[in-house]
Amino acid sequence: MSHEKDATVQDSCASPGLIPVDEAVSRILDAATSVQQSEQVRVADSLGRVIAEDVASTIDVPGYDNSAMDGYAVRSGECAAAGTSLAVSQRIPAGQSGVPLEAGTAARIFTGAPVPEGADAVVMQELCERQGESVVINKAVQAGENIRRAGEDIARGSVILAAGKRVRPQEQGLMASIGLASVRVSRKLRVATFFTGDELVEPGAELGPGQIYNSNRYTLQGLLQSLDCSIVDFGIVPDDLDATLDVLKRASADADLVLTSGGVSVGEEDYVRIALEQLGELNMWRINMKPGKPVAFGQVDEALFMGLPGNPVSVFVTFTIFARPLILKMQGAGNYLAEPLSIRSGFDWRGVKRQEYLRVRVRHDEAGVYAELFPHQGSGVLSSASWADGLAVVEPGAGTQAGDILPYIPFQGL
Ligand code: AMP
Ligand code: MG
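Residues numbered from 1 in each chain as written. Chains lettered and ligands numbered in written order. Predicted model: local features only at pLDDT ≥ 70, side-chain atom pairs only at ≥ 80, totals over all residues. Heavy atoms only, no water.

1. As for helix α5 (residues 272-279)
Phase 1: Along α5, the positions that sit buried rather than exposed are V272, R273, A275 and L276. End-on, the buried residues of α5 take up no more than an arc of 165 degrees, which puts them together on one face.
Phase 2: Against the buried residues of α5 lie β14 (190-196), α4 (241-253), β18 (257-261), β19 (281-287), β21 (294-300) and β22 (303-308). (Buried < 20%, exposed > 50% of the residue type's maximum accessible area, 1.4 Å probe, protein only. Helix = DSSP H or I, 4+ residues; strand = E, 2+ residues; numbered from the N terminus. Arc of directions from axis to C-beta. Contact = heavy atoms within 4.5 Å.)

2. Side note on the site of ligand 1
Phase 1: The full set close to ligand 1 counts 14 residues, and E199, N214, N216, G263 and G310 are the nearest of them.
Phase 2: N216 places a side-chain nitrogen or oxygen 3.3 Å from a nitrogen atom of ligand 1.
Phase 3: Here an oxygen atom of ligand 1 and a backbone polar atom of G310 are 3.1 Å apart.
Phase 4: For ligand 1, the protein covers 77% of the area, taking 490 Å² as the surface of the free molecule.
Phase 5: When contributions to the shell around ligand 1 are tallied by element, the ones reaching two or more residues are β16 (212-213) and α3 (215-226).
Phase 6: Broken down by class, the residue content of the shell around ligand 1 amounts to four nonpolar, nine polar and one charged. (Near = heavy atom within 4 Å. Polar contact = N/O pair within 3.5 Å; in protein donor to acceptor, adjacent residues only side chain to side chain. Areas by Shrake-Rupley, 256 points an atom, 1.4 Å probe, with all protein chains shown as cover. Nonpolar A, V, L, I, M, F, W, Y, C, P; charged D, E, K, R; others polar.)

3. Examining the confidence of the model for the protein chain
One rule of thumb: low pLDDT means the predicted coordinates there are not for detailed reading.
Phase 1: When pLDDT is averaged across the protein chain, the result is 94; 96% of the residues are at 70 or more.
Phase 2: Contacts of residues 4-14 to residues separated by more than four positions or lying in other chains number 12 contacts, the stretch itself having pLDDT below 50. (pLDDT = per-residue confidence, 0-100.)

4. Re the sheet that holds strand β7 (residues 105-109)
Phase 1: If you trace the six strands from one edge of the open sheet to the other, you get β8-β5-β7-β6-β10-β9, paired in mixed fashion. The outermost strands of the open sheet, each flanked by one partner alone, are β8 (121-124) and β9 (128-131). In this sheet, adjacent strand axes meet at a mean angle of 40 degrees when their direction is disregarded.
Phase 2: In this sheet, β7 lies alongside strand β5 (residues 71-74) in antiparallel orientation, the contact comprising three bridges. Counted as the bridge partner of G71 is I109 from β7. (Pairing = 2+ DSSP bridges. Axes fitted to C-alpha atoms, helices over the stretch in contact; angles between N-to-C directions.)

5. A short note on the sheet that holds β21
Phase 1: With mixed pairing, the seven strands of this open sheet are ordered in space as β1-β19-β21-β22-β18-β14-β17. Either end of the sheet is taken by a strand with one partner, and the two such strands are β1 (18-19) and β17 (230-237).

6. Considerations on empty space enclosed by the protein
Phase 1: Inspection of the entire model under this criterion finds two cavities of 30 Å³ or more.
Phase 2: What the largest cavity holds in volume is close to 50 Å³.
Phase 3: Lining of the largest cavity is provided by G48, R49, V50, S186, R187, K188, D228 and Q331.
Phase 4: In terms of residue class, the lining of the largest cavity is built from one nonpolar, three polar and four charged. (1 Å grid on protein atoms, 1.4 Å probe; cavity = no way out; pocket = protein on both sides within 12 Å on 5 of 7 lines; lining within 4 Å. Points joined across faces, edges and corners; volume = space filled by probe spheres on them.)

7. Thoughts on the pattern of salt bridges
Phase 1: Within this structure, the stated rule accounts for 16 salt bridges.
Phase 2: Among the salt bridges present, the one from R149 reaches D65, with a minimum N-O distance of 2.7 Å. Here D65 lies in the loop between β3 (55-56) and β4 (66-67) and R149 lies in the loop between β11 (147-148) and β12 (159-161), a separation of 84 residues in the sequence.
Phase 3: Classification of R149 by relative accessible area gives partly exposed; the value is 36%.
Phase 4: Since its relative accessible area comes to 27%, D65 is described here as partly exposed.
Phase 5: Of the charged contacts, one joins E78 and R75 as a salt bridge, the two residues approaching to 3.9 Å between their closest N and O atoms.
Phase 6: Exposure remark for E78: the relative accessible area of 27% places this residue in the partly exposed category.
Phase 7: Since its relative accessible area comes to 25%, R75 is described here as partly exposed. (Salt bridge = Lys/Arg side-chain N within 4 Å of Asp/Glu carboxyl O.)

8. Comments concerning the environment of G71
Phase 1: Mapping G71 onto the fold places it in strand β5.
Phase 2: On the basis of relative accessible area, G71 is assigned to the buried category, the value being 0%.
Phase 3: When the C-alpha positions of G71 and L207 are compared, they lie 69 Å apart, and in sequence the two are 136 residues distant.
Phase 4: Contact partners of G71, with chain neighbours within four places excluded, come to A107, R108, I109, V123, M124 and Q125.

Laid out in structure tokens, this is it:
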């Protein structure tokens, strides 16, 4: 399958002055520091937050040797050959502790119950035959089998979560398993947003001539929510210098990061650049990528500023490549730069001037997984991002053909 580019996206000769994506990422990350403040939150409320201090366990998990099976606890030395018959001397369900195992006997035991003193193996019930007050063990028993050892998951004193770890459901469970009810996390990042464009209208209102819906607001808010930011939205801002100056002042007053869309090209109606130059510092980059060539990065007083392009797919892609690692670093996350995976390309794609981030879906065939391309890759075609589950990256140059291995960036945390 080969795709022709449409005329509007064909004009992107590798003009001088485009900076490589990696360089833009490192310049952005160099400017970012992590928030220093932290807060104590309930483990139940910690999803998506970044651990601020190492979490060490004060207990062993499991806390005691326990049975991994429903079955019979025995002394393995007494059952070295299959067919041993033992009297059943006690019954130990989970939640109870038995008594030391008498020699020559077995204990009926259930999953999770403490293994009684003296026993050193549990035989699963499927391999045992109950005969009244006795049980026949139909196998040769090895010492240690089917016993979960105290501390085998977590040893007392060990660090279970290091500072910088972002909490997922499994981390919440892990903290609960050591009895933790609350945890210290970095404070939430305050992100202010606004959306420039005279043409923008909020969903719910009627569209007039030449107007479009402010879809970027919803894309960005969702992306920010998935990173657990606290969002202050300043809404739609007209293409007007005074209005842009005013909102930029207000947005930066109390934010760690101001994130916007639109108005960062070099058109006459692009005021974000000018406003940022007047109020703070601007690095305006034309980045060697597609979609998303223009990205503005800078600072107004204490707040960092990132101005994403207006095109809806560019917003999604530039957020993924630039804003996401920036936000993770500011939140104190250790692992803020996710390494791309690799995937076999299932398509041809030629004439690549800028580094391209193609919307693809992971598919399977007899040879394994491969990336299928969404046929319309225009930067305004938001359905491509909805259809896709990640981005395949094609370096500037000759392009790529089916069978090549490409870097693949899965859409994360969504
Ligand atoms: P700009 O970067 O302001 O020149 O905008 C580039 C393109 O993105 C134009 O077609 C805009 O209409 C469109 N656009 C800008 N902002 C938004 C938005 N918030 N939601 C959807 N489309 C937008
Ligand atoms: Mg605009």
